[in-house]
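For reference, the chains in residue letters:
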Amino acid sequence: MIGNIYKKKKYIVGLGASVMDYLQLVDTFPKANTKVRSSKASLQGGGSAMTALVTLAKLGMSTQACSVVGDDTLGKMIVTDLRNHNVGTANIQKQTKST
């Protein structure tokens, strides 16, 4: 019986903010009080714990996210992004407010 506890699947659990980062690629770093046009923009999942979970999942670890997202487009994007990176999302709660 005691030996069976070591056969159960173990997860690395991350608890923290789940966000989408809006990234802008620029050709040069802007000087003070100037503007620079970006050449590319993208959305990417973020948050310290969630980023760590994605990295650990890519290394083959079993991961599970614990967080709260809004029941909106960004919240759905966050959950989809985590799932696409093999991070468990069963413990992500959705709230009626926006993300």
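Here, every reference points to the structure presented above.
Residues numbered from 1 in each chain as written. Predicted model: local features only at pLDDT ≥ 70, side-chain atom pairs only at ≥ 80, totals over all residues. Heavy atoms only, no water.

Trainee: Could you clarify how one ought to interpret the sheet that holds strand S5 (residues 87-95) in this entry?
Mentor: Backbone-to-backbone hydrogen bonds pair the strands of a sheet. The strands run either parallel or antiparallel. One open sheet accounts for three strands, arranged S1-S4-S5; its pairing is parallel. Bordering the open sheet on either side are strand S1 (12-15) and S5, each of which pairs with just one other strand. Direction aside, neighbouring strands of the sheet carry axes that sit 20° apart on average. By the bridge criterion, four bridges tie S1 to strand S4 (residues 63-70) in an arrangement that is parallel. Paired with Leu15 across the bridge in S4 is Cys66. The sheet strands contacting helix H1 (residues 48-58) are S1, S4 and S5, and the helix crosses S4 at an angle near 145°. (Pairing = 2+ DSSP bridges. Helix = DSSP H or I, 4+ residues; strand = E, 2+ residues; numbered from the N terminus. Axes fitted to C-alpha atoms, helices over the stretch in contact; angles between N-to-C directions. Contact = heavy atoms within 4.5 Å.)

Trainee: What is the right way to read the nonpolar core from this model?
Mentor: Nonpolar side chains in soluble globular proteins generally cluster together in the buried interior. Core analysis: the largest hydrophobic core is formed by 13 residues, its most contacted members being Met50, Ala65, Leu82, Val87 and Ile92. For this core, the elements supplying multiple residues, two or more each, are H1, S4, helix H2 (73-84) and S5. Sorting elements by how many residues they give to this core places H1 first, with five residues. The residues touching Met50, leaving out its near neighbours within four places in the chain, are Gly14, Gly16, Ala17, Ser18, Ala65, Cys66, Ser67 and Leu82. (Core = buried A, V, L, I, M, F, W, Y, C linked by side-chain atoms within 4.5 Å. Buried < 20%, exposed > 50% of the residue type's maximum accessible area, 1.4 Å probe, protein only.)

Trainee: It is not clear to me how unusual backbone geometry should be interpreted in this structure. Could you clarify?
Mentor: Glycine aside, a negative phi is what most residues show, and trans is what most peptide bonds show. Even without a glycine there, the phi angle at Asn33 is positive, about 60°. Within the secondary structure, Asn33 sits in the loop between strand S2 (19-26) and strand S3 (38-46). Non-glycine residue Asn86 carries a positive phi angle of around 65°. The class of Asn86 is exposed, set by a relative accessible area of 62%.

Trainee: What is the right way to read the layout of surface pockets from this model?
Mentor: One simple way to see leftover space: roll a probe sized like a water molecule over the atoms. The volume enclosed by the largest pocket comes to roughly 220 Å³. Lining the largest pocket are 15 residues; nearest its centre among them are Gln44, Gly45, Val54, Asp81 and His85. Broken down by secondary-structure element, the contributors of at least two residues to the lining of the largest pocket are S2, S3, H1 and H2. With five residues, the single largest contributor to the lining of the largest pocket is H1. Residues of the lining of the largest pocket, tallied by class, amount to seven nonpolar, six polar and two charged. (1 Å grid on protein atoms, 1.4 Å probe; cavity = no way out; pocket = protein on both sides within 12 Å on 5 of 7 lines; lining within 4 Å. Points joined across faces, edges and corners; volume = space filled by probe spheres on them. Nonpolar A, V, L, I, M, F, W, Y, C, P; charged D, E, K, R; others polar.)

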